[in-house]
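Chains, contacts and geometry: an overview
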Amino acid sequence: MADVTITVNGVTFRVPAGTNVVDAARIGGISIPVFCYHPRMKPVGMCRMCLVQVGTPRLDPATRQPMLGEDGRPVIAMMPKLQTGCTTPVSEGMVINTESDEVQFAQKGVLEFLLTSHPLDCPVCDKGGECPLQNLTMAWGPGNSRFDYNDKVHFEKPVHLGDLILLDRERCILCARCVRFQDELADDPVLGFDNRGRNWMIISKSDPPFDSKFSGNTTDICPVGALTSADFRFKARVWELSSKPVVCTLCPVGCNLSLDMRYDQLMRVMPRENGAVNDIWICDKGRFGHRFIEHESRLTTPLIRKGGHLVEASWDEALALVAEKLAAVQSSRGGSAIAGLASPRLSNEDLYLFQKLFREYFGSHNLDHMPGSAADVDYDEHGALMGVGKGTNLMEMGAESLVLVIGADPEEEAPLYVLRLRAMLERGAKLVVANMRPTKLDRSATTRLYYQPGSELAFVRGLLRAVFDRVGHERLHLKHSGLEQLRKTLSDLSVEQAAELCGVPAETIRAVAQALLEAKQGLIMYGAEARSAGAGMSESLGVLAALTGKVGKPGSGLIALLPGGNSRGALDMGVRPDARPGYAVLSQRGLGAREVWPALREGRVKAVWIAGLDPAAQLPAARAALEAADFVVVQELFLTATAKLADVVLPAASVAEREGTYTNAERRVQRSRQARQAHGEARPDWQIIQGVAQHLSELSVPVAVPTQRVEESSQPVGGKGKSKGPGKTTAVTVAEPSTWDYLTPSEIAAEIAERVPGYAGITYSALAATGQGGDWGRQTNEAIFYDGTNYENSEGIGIQLPNLIEGQKTAVSLGLRPLSKPAHERSLLLVSQSLAYDGDLLLRGSLLERQIPQPYVALSQTDADKLNIKPGDTVRLDSAAGELTLSARVVDDVPAGVALIPANLPNFSAAAVQTGPRTRVNLVKVVTG
Amino acid sequence: MLKTEELQINIGPQHPSTHGVFRMIVTVDGETITDLKPVFGYLHRNHEQIAEQNTYLQNMPYTDRLDYFNSMANNQAYAMAVEQLVGIEVPERAEYLRVMMVELTRILNHAGALGFLINDMGMWQTQLAFGMREREKILDLFESASGARLMCNYFRFGGVVRDLPPDFIPRLKELLQAMPAFVDELERLLRENEILMQRAEGIGILPRDLALAYSVSGPVLRGSGIPYDVRKAEPYSVYDRFDFDVPVGTVGDVYDRFLVRIEEMRQSRRILQQVIEQLPDAQGGHINPKARQNVRPPVGDVYARIESPKGELGFYLVSDGSGKPYRYKVRAPSFINLTPLGDMCRGYKVADVVVILGSIDIVMGEVDR
Amino acid sequence: MIGQLLKGLRTTFGYIFTQPVTVQYPEVKRPVRERFRGRHELKRFADGKERCIGCSLCAAACPADAILVVPAENTPDHQVSYGERYAATYEINMLRCIFCGYCEDACPTNAIVLEHQYELSFYDRRDSIYTKEMLLVPEDQGHGDAPPILTQLERRPSPPAQIDL
């Protein structure tokens, strides 16, 4: 937009047109105090703190030109009354006065009024020290009040707005920042005003109260201490805290957090600004879900099984035992009798060393980062191959971009994406949400459509066909192969046939395809429900992105919402049986988690090392297998069900006690720092792995240089497996066996940068660059208005990796696997719904534990009627695998033909009935008595 | 003539006569000193770095611990520096109270310093006990005003923390009344005293030019005959309102410094008497009520100096606009006065080293910081 | 020479008849002045409630970082002080404390006062941590009524009738 010239307090400068007076003055370095105004929200002019004098050039009614005074300068017509700066946009030649007596009189008056009922309890108020009301009173306020001190309104002190947020109505200045945040940004309009006059107050309108995943942010933006979080209330004063920069590992967004520590204790979690990841917000899971790091049940010493019991041992003893046992298995049964499972919440360094140890010492490819449940979905490769291009920043995207969300519920899987997508919408982007069932994001969608349960692949094929019909492959700028195969596959299914299969009208499919083609930038986000359709889904979405030209450029590509904080890192690091780091496919694959359990029981695998996963809690098969195993090593934070079955339990350091890097859903590698001392004797995972390696070399175990496996495909291709046939094979130089003497994770990161394709240049020092971290933060003249909102990012905003096809010489295969006919032998499709507050180990000890639901199965009204089921009835599910008894819920949002169960709840497992990512079940009411 | 060989010996760092942990590497030829190298730093405690981590106000009690004999003087120099940096006015009464405290400090410092000097000469504790007895009376006054005898922490930006207790002025008058008797007795016993003359006269001569070159200050400089006193050269606070003289020596030996200190005690008494006469009444206020203690000075730097009992004490502060000093530097008189020790000792006997050191009057807390 | 000796001895004999200025510590203890800054005490109000509201301003003012306050929330059954907050832990490290008195100055409720006790020796460094139990005065030694600012912090019911005075 064009710039306009304005004069503020006699200083003339140019600002973009459309800016409001508050922001415009700030551009010129002049502060106008505000309470209700917040740059991320629309102005409302409620608090009156930003009153200023505004004048515009007087226009000659005849010529519409500014009238000139005797001195040749335009005559300024000052508005008769003060104007609120936040709601007044600047115009050409505008004159603003923020310091006149009149303005100061108004500012003092507003503050005097605000303080008539505000209690002077700053010493006990949690906001004290980072309180905009304090700041502004000191800077602009009157020295004293003419109001009777005893006339203040008193309310009962804390009111629970929800489980997590408490309201102190006396302190509230009714700026509506919280209400507007919930309405405008989070789209959870659960807060509102009640009553009037001096009893005007904020209330929660929802049931359960304050039902929002983003409620914690309201405590940040509250300019007074009215909203406090139950998590931080009366824990510490803000000036005592030292903030430690870490990265959230609870979901694939990878929000930048600041752990506010007092000495070694975690007091609260605050967002750290990163425009490319979380802006200035975080979700409640990140904010309140970090209490696990100081939970009293954390493991503090290594445990060794002696005489059937786990007893405390020294590190040396435990590591030596692990090395000895594993070496014994290797020498007697070969390395392939050892399997390793590592959690996707570990850092890249841990995961890299884990697979390196297995591949280098044991020559074993029996690696996985999933628990080995029947419901485990295929490894997602297209999220990396066709992932969003380097330089993608959702903060900068708006008009002319389109986001297609398919088979995902970002609210539960990666909550912060809701805020980010909504902000894009606000800037003019289009949002197409395609799901089998309604989600909260639908309310924001420009186009929402529901396909028949289980038909998402047909829907995507329909889209592909519609795109192909329109533009063919003319937008396909990538080197590619298999175009003919694609043409043939697509010709099998017309848009109309697809529409029939998926229940979405053909016109709608064509319209979405058209919109995707028209958009300059396009993001395709897919989640757990889409991925449960199999690898064909991400493959099809990859081809869709390629055909529409939405690949390999900033702002376009795929975003896969994978479980855990670092699934992408686990895939990149090759913690999987069929590929080395960087998606280098192995010609001979090892055993994945799903195959490890039967192999353990059959004795083909003797020893298993589990880092940070708890398969025994969920999977009876894994439990039985672990009981049968010769030797089980578990490195964990807690004594989990799996750890209880282990022969050696090694206490691992949590994310707060170590350094590491994590790769998020947009393939941004971010660095997390150490926030506190080690918990007991717990060690970072990479040190544990290195410790075992060192003990192994002391046993002089020959390093299993995989000479027989030199023949490998260097071609990074996705999901084709053997069907693709042998790719271009080259001899890979096997690196010298390393000495395993890394001193710091940065040394491992340097090795990753050297050896893992795509990670070149990802060094710790590069990650610490703050670059374009964002325009927000504790800038000198902003701090006092938005104090306590977040922390300036001084520790690095991370680096986005290029996706694998950028600059890649090899061709992308366009071949698609055939569409399988859905089986219909049982009446309902069992869908596991990912929940934000689930049985994740890391939620232990947090206030969110209360919000974890009891196990249930949700049905549509139609199905419930058909099966004569009332809410609360006990029902039995049966599938080809087995039976499961659950309590039933009847929910509007569930489509007919679906039995929706929450995934990964504590003490509950659907493994008994699951036959794969998709299971068909029958459901019967259990009549008791 | 016997052929002799040079020998290096250490005096200190642990030695009863080094006034703290201070080390001198002395090269001797027989009994004669050919070279002396002072070694500082044994009491280094990061004073300036700590001060840069603290708020401006939090440094006030830390300045007490520089020259722990003269906490009031340190307070004044630091308070003046911050007041100049921020631009805080100090009420008149507060200025008088400040001068009162610093001049009392000067008396107690010199009483102590002379006591220690005589002690160093081997005349044992008698003189020291005399000095300590007088010092005690002043410390008692300090305690009644500030709440502490040594680490007074009495000054604040814009004044002093509390006004005087009601009985302070009568007790001060009593003290000043009795003071000439003490000083006269001191002088009567020691002036032209045989032992003192033998140990002090012509010993440790610091010539004028050398004194200037080393930029020493305080009684050491004035003992060398240079009438330089910050109170006269650049009057601060309300010193321009008082009538007092600056005593100077002639030769610059230990004896001259001794005489200068005795006379300075008398001059301080003169100033104190004028302070009592001119002291504005309590309505003047002991502190500027508008002065915020939690200061955030504008970006800039300042150097403020006073004539502390030991010499010119200066604070150099750089503000970056935050609540903590960006740079905090102390110009410590003890440290700078100690630097010419080698030149002062060369040619004298080993036994003279402790006397010369004692005549400089150092406090290691200020030397090493 | 003889003259000088006699002159010195005259002084010596003169002091025989004066009172000694020293006191025989520890048998005799020198009284301290009113403003003396010694060991801290945490005061109470006359009704036995603690004055300390756990605001940590003393810890913020402390130049030596000697004070640790861990606050907690008052509940109706466990009302330790007026208002919502009280100090669950209050510790002063007497090895760090420099007795500057800033904690006194910072305290909004005059809860912490430097009293006249100055004999603070201990044989073990760990004993230098003075806990809240050691610092707090007995309940019957409280004095003064809570100022309005604190009573205002008390929970009050909120029927509209009470607001309209």
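Residues numbered from 1 in each chain as written. Chains lettered and ligands numbered in written order. Predicted model: local features only at pLDDT ≥ 70, side-chain atom pairs only at ≥ 80, totals over all residues. Heavy atoms only, no water.

So, the UniProt feature "domain: 4Fe-4S Mo/W bis-MGD-type" (unreviewed entry) in chain A
As recorded in UniProt, the sites labelled "domain: 4Fe-4S Mo/W bis-MGD-type" (unreviewed entry) are residues 241–297 of chain A. Taken end to end, residues 241–297 of chain A is 9% helix and 35% strand, and its first and last C-alpha atoms sit 25 Å apart. (UniProt positions renumbered as here; feature names shortened; annotations may be inferred. Helix = DSSP H or I, 4+ residues; strand = E, 2+ residues; numbered from the N terminus.)

Quick word on the confidence of the model for chain C
Fine structural detail should not be taken from predicted coordinates in areas where pLDDT scores are low. All names here are of chain C. For chain C, per-residue confidence averages 82 on the pLDDT scale, and residues scoring 70 or more make up 88% of the total. Segment residues 155–165 is flagged for pLDDT under 50; beyond a separation of four residues in sequence, or across chains, it makes 21 contacts in the model. For this predicted complex, the interface confidence comes out at an ipTM of 0.80, alongside a pTM of 0.85. (pLDDT = per-residue confidence, 0-100. Contact = heavy atoms within 4.5 Å.)

Considering unusual backbone geometry
Here D207(A) and P208(A) are connected by a cis peptide whose omega angle stands at 0°. Within the element layout of this structure, P208(A) appears in the loop between β10 (201–204) and α5 (216–221). Here the residue pair Y25(C) and P26(C) is connected by a cis peptide bond, since its omega of 5° sits within 30 degrees of zero. Mapped onto the elements, P26(C) comes out in the loop between α1 (2–16) and β1 (40–42). The phi dihedral of R667(A) is positive, around 60°, even though this residue is not glycine. In this fold, R667(A) is placed in the loop between β30 (660–663) and β31 (668–672). Within the chain, N46(B) stands out as a residue other than glycine whose phi angle is a positive 65°.

Thoughts on the interface of chain C and chain A
Across the boundary between the two partners, chain C contributes 27 residues, which contact 30 residues of chain A. Both sides of the chain C and chain A interface together cover about 2,400 Å² of buried area, and 57% of this is carbon and sulfur. At the boundary of chain C with chain A, the tally comes to four salt bridges. As a salt-bridge pair, R233(A) and E84(C) come within 3.0 Å of each other at their nearest N and O atoms. (Buried area = accessible area lost by both parts, 1.4 Å probe. Salt bridge = Lys/Arg side-chain N within 4 Å of Asp/Glu carboxyl O.)

Remarks on the UniProt feature "binding site: [4Fe-4S] cluster 2" (unreviewed entry) in chain C
Mapped onto this numbering, the UniProt entry annotates "binding site: [4Fe-4S] cluster 2" (unreviewed entry) at C62(C), C97(C), C100(C) and C103(C). Taken together, the annotated residues stretch across 42 residues yet fold into one region, lying no more than 10.4 Å apart by C-alpha. By secondary structure assignment, the location of C62(C) is in the loop between α2 (57–61) and β2 (67–73). Here C62(C) falls in the buried class, since its relative accessible area comes to 14%. If sequence neighbours within four positions are ignored, C62(C) has contacts with Q58(B) and I67(C). Relative to the helices and strands, C97(C) is located in the loop between β3 (85–93) and α3 (102–106). Those residues in contact with C97(C) that sit more than four places away from it in its chain are H40(C), A66(C) and I92(C). (Buried < 20%, exposed > 50% of the residue type's maximum accessible area, 1.4 Å probe, protein only.)

Looking at helix α11 (residues 416–426) of chain A
Residues and elements named next belong to chain A. Within α11, nine of the 11 residues are buried, which leaves it mostly tucked inside the rest of the structure. Listing the buried residues of α11 in full gives L416, Y417, V418, L419, R420, L421, R422, M424 and L425. Phi turns positive one or two residues past the end of α11, at G428, with a value near 110°.

Quick notes on the nonpolar core
A general tendency of soluble globular proteins is for nonpolar side chains to be buried together. Ranked by size, the top nonpolar core spans 140 residues in total, and within it M100(B), L104(B), F168(B), F258(B), L341(B) and Y90(C) carry the most contacts. Once residues within four sequence positions are removed from consideration, F258(B) is found in contact with L114(B), L117(B), I118(B), L190(B) and L196(B). In terms of nonpolar packing, the next biggest core, distinct from the first, is built from 80 residues, I202(A), L843(A), V921(A) and L923(A) among them. (Core = buried A, V, L, I, M, F, W, Y, C linked by side-chain atoms within 4.5 Å.)

What to know about the UniProt feature "binding site: [4Fe-4S] cluster 1" (unreviewed entry) in chain C
Residue and element names in this part refer to chain C. UniProt tags C52, C55, C58 and C107 as "binding site: [4Fe-4S] cluster 1" (unreviewed entry). Maximum C-alpha separation among the annotated residues is 10.3 Å over a sequence range of 56 residues, consistent with a single clustered spot. With respect to the helices and strands, C52 occurs in the loop between β1 and α2. What makes C52 buried here is its relative accessible area of 10%. Apart from residues lying up to four places away in sequence, C52 is in contact with L42, S81, Y86, A87, Y90, T109 and A111. Here C58 is to be found in helix α2. Given a relative accessible area of 8%, C58 falls into the buried group. When near neighbours in sequence (up to four residues on either side) are disregarded, C58 contacts I67, V69, Y90, C103 and A106.

Some details on the domain arrangement of chain A
Residue and element names in this part refer to chain A. If you check the domain split of chain A, you get domain 1 (3–99), domain 2 (149–294), domain 3 (303–378 + 566–742), domain 4 (383–560) and domain 5 (828–925). In total, domain 3 and domain 5 occlude about 940 Å² of area from one another, counting both sides; carbon and sulfur atoms represent 64% of this. Summed over the three residues of domain 3 that lose the most area to domain 5, namely A374, Q618 and F638, the buried surface amounts to 51% of that side. Along the contact surface separating domain 3 from domain 5 lie zero salt bridges. Counting every contact that joins domain 3 to domain 5 gives three residue pairs in polar contact (both at pLDDT 80 or more). Classifying every residue of the side of domain 3 that touches domain 5 by side-chain character gives seven nonpolar, three polar and three charged. (Domains from an automatic or database assignment. Polar contact = N/O pair within 3.5 Å; in protein donor to acceptor, adjacent residues only side chain to side chain. Nonpolar A, V, L, I, M, F, W, Y, C, P; charged D, E, K, R; others polar.)

Details of the side chain of R51(C)
All names here are of chain C. Its location among the elements puts R51 in the loop between β1 and α2. When its relative accessible area of 9% is taken as the criterion, R51 is described as buried. Discounting chain neighbours no more than four positions away, the residues touching R51 are K43, R44, F45, T109, N110, A111, H143 and G144.

Things to note about the sheet that holds strand β24 (residues 557–560) of chain A
Residue and element names in this part refer to chain A. If you walk across this open sheet you meet the five strands as β21-β20-β19-β23-β24, and the pairing is parallel. In this open sheet, the two edge strands, each paired with only one partner strand, are β21 (447–450) and β24. The average undirected angle you get between the axes of adjacent strands in this sheet is 15°. Relative to strand β23 (residues 521–526), strand β19 (residues 401–406) runs parallel, the two being bridged by six bridges. Paired with I406 across the two strands is Y526, which belongs to β23. (Pairing = 2+ DSSP bridges. Axes fitted to C-alpha atoms, helices over the stretch in contact; angles between N-to-C directions.)

As for the packing of helix α12 (residues 456–471) of chain A against helix α13 (residues 483–491) of chain A
All names here are of chain A. Contact pair α12 / α13: the axes reach a minimum separation of 10 Å and the direction vectors enclose 115°. Between α12 and α13, the angle is such that the two are roughly perpendicular. Considering how the two elements wind past one another, α12 and α13 form a crossing that is left-handed. Contacts between α12 and α13 involve R461, L464, R465 and F468 from the first element and L486, R487, T489, L490 and S491 from the second. Split into classes, the residues belonging to the contact of α12 with α13 amount to four nonpolar, two polar and three charged. (Parallel < 35°, antiparallel > 145°, perpendicular 65-115°, else oblique. Left-handed = near helix turned anticlockwise from the far one by under 90°.)

Describing the packing of aromatic side chains
All names here are of chain A. One pass over the structure, following the stated rule, counts 26 aromatic pairs over all chains. Between F354 and W609, the aromatic rings sit 5.6 Å apart at their centres with planes inclined by 80°, giving edge-to-face as the arrangement. Of this pair, F354 sits in helix α8 (residues 348–362) while W609 is found in strand β27 (residues 607–611), placing the two residues 255 residues apart along the sequence. Residue classification places W609 among the buried residues on the basis of a relative accessible area of 0%. (Phe/Tyr/Trp six-rings, centres within 6.5 Å; stacked < 30°, edge-to-face > 60°.)

What about empty space enclosed by the protein?
Over the atoms a probe the size of a water molecule is rolled, and this reveals where empty space is left. Residue and element names in this part refer to chain A. Counted by the stated rule, this structure contains 16 cavities of 30 Å³ or more. When its volume is computed, the largest cavity comes out at roughly 190 Å³. If you trace the largest cavity, you find 16 residues lining it, with T219, D220, S229, F232 and R268 closest to the centre. Breaking the lining of the largest cavity down by element, the ones donating at least two residues are α5, β11 (227–229), β14 (265–271) and α6 (284–288). For the lining of the largest cavity, the class distribution of residues is five nonpolar, four polar and seven charged. (1 Å grid on protein atoms, 1.4 Å probe; cavity = no way out; pocket = protein on both sides within 12 Å on 5 of 7 lines; lining within 4 Å. Points joined across faces, edges and corners; volume = space filled by probe spheres on them.)

Some points on the pairing of strand β8 (residues 165–168) of chain A
Every other side chain in a regular strand lies on the same face of the sheet, so the side chains alternate between the two faces. Residues and elements named next belong to chain A. Burial along β8 is two-sided: the residues I165 and L167 and L166 and D168 are all buried. Relative to β8, strand β7 (residues 158–160) is paired through three bridges, and the arrangement is antiparallel. In the strand pairing of β8, P158 is matched with D168. Two strands pair when backbone bridges link them, and β8 and β11 are joined in this way by three bridges, in the antiparallel orientation. Directly across from L167, in β11, lies its bridge partner L227.

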